[in-house]
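Structure at a glance
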Amino acid sequence: MIYSDNDEHFEVNGYAKIDRYNDSKTSEIASNYKEILRQIGEDPEREGLLKTPERYAKALQFLTHGYDLDAAEILRSAMFKEEYSQMVIVKDIEVYSLCEHHVIPFFGKAHIAYIPDGHIVGLSKIPRIVDVFARRLQVQERLTNEIRDCIQATLKPAGVAVVMECKHMCMSMRGIQKQNSVTTTSAFTGEFVNEPTRSEFLRLISADLYK
Ligand SMILES: Nc1nc2c(ncn2[C@@H]2O[C@H](COP(=O)(O)OP(=O)(O)OP(=O)(O)O)[C@@H](O)[C@H]2O)c(=O)[nH]1
Ligand SMILES: [Zn+2]
């Protein structure tokens, strides 16, 4: 992903050149955010904050750019006929999202597997679709299910498994202020619904094969 906060545009995964930094959205969000800065007792005219509303407007658009992307289209762009029929796992995929209740980040890792049924998918497309759904306002449960459902509906494999482990900043830097709690969610289809496939997946994502 090519991204710089100073760019006029940002290019997301090569699938969409999203021209959002020049449109009225940036100035509208910036003008609202300027007001919010005043409301928290700041002076938006002081030197350090002069460009902050615009920076914030661009950052927020970047953090929610998933609304403009089509996850199924991304998967379909790299599906290949192949007879491989064992589990394919992509684990430790970084996830950054925003909780829809507080618009505060939650972040962690996703572990995703599928069992091909005639087609495999380009490996990089799996983290790409994680981003499509994560870069929106989310709850972790829906994010987990949306990834599972998209892979199942598009690739039509014999099963999909998604496990996600995230820290929610709304639970650590505010609210209940628990610094170390981690939330795990999971979603399964097809062969992963049953043992022993589910256990094999869970064992493989726990194994540290590279250390
Ligand atoms: N299930 C779920 N809850 C979430 C997620 N992200 C944040 N939350 C929770 O959303 C809830 C919102 O509850 P409210 O009582 O309406 O909000 P609040 O008064 O700010 O709650 P506290 O965080 O407990 O201070 C909180 O319990 C958050 O921990 C998520 O991804 N999934
Ligand atoms: Zn929250």
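Residues numbered from 1 in each chain as written. Chains lettered and ligands numbered in written order. Predicted model: local features only at pLDDT ≥ 70, side-chain atom pairs only at ≥ 80, totals over all residues. Heavy atoms only, no water.

Named according to an unreviewed UniProt entry, the protein chain is GTP cyclohydrolase 1 originating from Pseudopedobacter beijingensis. If you open the UniProt record of the protein chain and go to Pathway (unreviewed entry), you find "Cofactor biosynthesis; 7,8-dihydroneopterin triphosphate biosynthesis; 7,8-dihydroneopterin triphosphate from GTP: step 1/1." (UniProt positions renumbered as here; feature names shortened; annotations may be inferred.)

1. As for helix α7 (residues 197–206)
Each full turn of the α-helix corresponds to 3.6 residues, which orients residues three or four apart in the same direction. Among all positions in α7, only Thr197, Phe201 and Ile205 are buried. Down the axis of α7, the smallest arc covering the buried residues is 65°, so these residues share one side. Of the exposed residues in α7, the ones pointing more than 90 degrees away from its buried face are Arg203 and Ser206. Its buried side turned inward, α7 meets β4 (88–99), β5 (105–115), β8 (159–168) and β9 (183–188). (Buried < 20%, exposed > 50% of the residue type's maximum accessible area, 1.4 Å probe, protein only. Helix = DSSP H or I, 4+ residues; strand = E, 2+ residues; numbered from the N terminus. Arc of directions from axis to C-beta. Contact = heavy atoms within 4.5 Å.)

2. Re the domain arrangement of the protein chain
The domain boundaries assigned to the protein chain delineate domain 1 (8–63) and domain 2 (76–206). Each of domain 1 and domain 2 was reduced to a C-alpha centroid, and the two centroids are 30 Å apart. Opposite the 5 residues of domain 1 that make contact, domain 2 presents 6 residues. In this assembly, domain 1 packs against domain 2 so that about 580 Å² is buried in total across both faces, 49% of it on carbon and sulfur atoms. Across the domain 1-domain 2 interface, the total number found is 0 salt bridges. When the residues that make up the side of domain 1 that touches domain 2 are grouped by side-chain class, the tally is 4 nonpolar, 1 polar and no charged. (Domains from an automatic or database assignment. Buried area = accessible area lost by both parts, 1.4 Å probe. Salt bridge = Lys/Arg side-chain N within 4 Å of Asp/Glu carboxyl O. Nonpolar A, V, L, I, M, F, W, Y, C, P; charged D, E, K, R; others polar.)

3. What to know about the site of ligand 1
Taken together, Cys99, His101, His102, Val139, Gln140, Glu141, His168, Cys170, Met171, Arg174 and Gly175 make up all the residues around ligand 1. Between ligand 1 and histidine 102 there is a distance of 2.7 Å, counted from an oxygen atom to a side-chain nitrogen or oxygen. In this structure, a nitrogen atom belonging to ligand 1 sits 3.4 Å away from a side-chain N or O atom of histidine 168. Listed by contribution, the elements that provide at least two residues to the shell around ligand 1 are α5 (140–155) and α6 (169–172). Here the shell around ligand 1 is composed, by residue class, of 4 nonpolar, 5 polar and 2 charged. (Near = heavy atom within 4 Å. Polar contact = N/O pair within 3.5 Å; in protein donor to acceptor, adjacent residues only side chain to side chain.)

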